[in-house]
Amino acid sequence: LSAFETLVRQYPVARWLMNSATITVGSAVLSTVCATLAGYSLSRFKSRTASGIAFVLLLGRVLPGTLLVLPYFVLFRWAGILDTHTAVILANASMIIPFSTFMMKNYFDDVPRELDEAAKVDGCSAMTALWFVVLPIARPGIAATVAFAATASWVDLLFARTLLLSAENWTVPVGIASLIGEVQTSWNQLMAAGVLSVLPVFAVYWFAQPYLVGGMTSGAVKG
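The model shown is predicted, which means the values in this text are computed figures rather than measured ones. (Residues numbered from 1 in each chain as written. Predicted model: local features only at pLDDT ≥ 70, side-chain atom pairs only at ≥ 80, totals over all residues. Heavy atoms only, no water.)

(A) Broad picture of the environment of Lys 46. Mapped onto the elements, Lys 46 comes out in the loop between helix H2 (13-44) and helix H3 (48-62). Sequence separation between Lys 46 and Gly 80 is 34 residues; the distance between their C-alpha atoms is 39 Å. When residues no more than four places from it in sequence are discounted, the contact partners of Lys 46 are Lys 105 and Arg 113. (Helix = DSSP H or I, 4+ residues; strand = E, 2+ residues; numbered from the N terminus. Contact = heavy atoms within 4.5 Å.)

Encoded structure:
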């Protein structure tokens, strides 16, 4: 326990956790909203344009973050949002949305189209049918998407280390990396920080567990 005590006393761990939480929540919310709308569109509206958008999303998933970090640095500096949480949220979302979109599309494909048609017969628009009919059924898929987006954003080091220049804006991965020095490494504090960084991820999956289990078992038994 002395390692945790020394870590908290000598390093701004609370600030790192708060910064990571802010970026993670922002990235997860933005990614989930965009992925849900895009996944529903790709699932329900078949056209050549939709196929082109799907290809662009797949291409965005293939591109590595190391190829995009320098253009992002220049773009965000020009936009005046460099060294802010907003820059990291946008960068993380750009890498999370493509995969999350296909996750939601595959889940929407399993939702019967007859539900949408029945809602439209009752006077609902496409967005109203999505909000009141499809989304309640798609809660397990949304929970899985939120868990994936939150985890991917929480463990991000590349964008946070490059786009956050001030120490007061550092996230947990950047703070942990700062414990590794050129001459000496604080191994005890490094391991303690690693344990603390894992706890929020456990919490996310703990709360999302009922929805994830429901998503895995849905459709297993037909009545």
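Still more to cover.
(B) Expanded view of empty space enclosed by the protein. Under the defined criterion, the tally for this structure stands at 2 cavities of 30 Å³ or more. Empty space within the largest cavity amounts to approximately 50 Å³. The wall of the largest cavity is formed by Val 13, Trp 16, Leu 17, Val 172, Ile 176, Ala 193, Leu 196 and Ser 197. Every element with two or more residues in the lining of the largest cavity is listed here: H2, helix H10 (172-178) and helix H11 (187-217). Tallied by class, the residues present in the lining of the largest cavity amount to 7 nonpolar, 1 polar and no charged. Forming the walls of the second largest cavity are Ser 20, Ile 23, Thr 24, Val 88, Asn 92, Ser 153, Trp 154, Asp 156, Ala 160 and Thr 171. Secondary-structure elements contributing two or more residues to the lining of the second largest cavity are H2, helix H5 (85-109) and helix H8 (139-154). Ranked by residues supplied to the lining of the second largest cavity, first place goes to H2 with 3 residues. (1 Å grid on protein atoms, 1.4 Å probe; cavity = no way out; pocket = protein on both sides within 12 Å on 5 of 7 lines; lining within 4 Å. Points joined across faces, edges and corners; volume = space filled by probe spheres on them. Nonpolar A, V, L, I, M, F, W, Y, C, P; charged D, E, K, R; others polar.)

Honestly, that's just the spatial picture; any functional story needs more than this.
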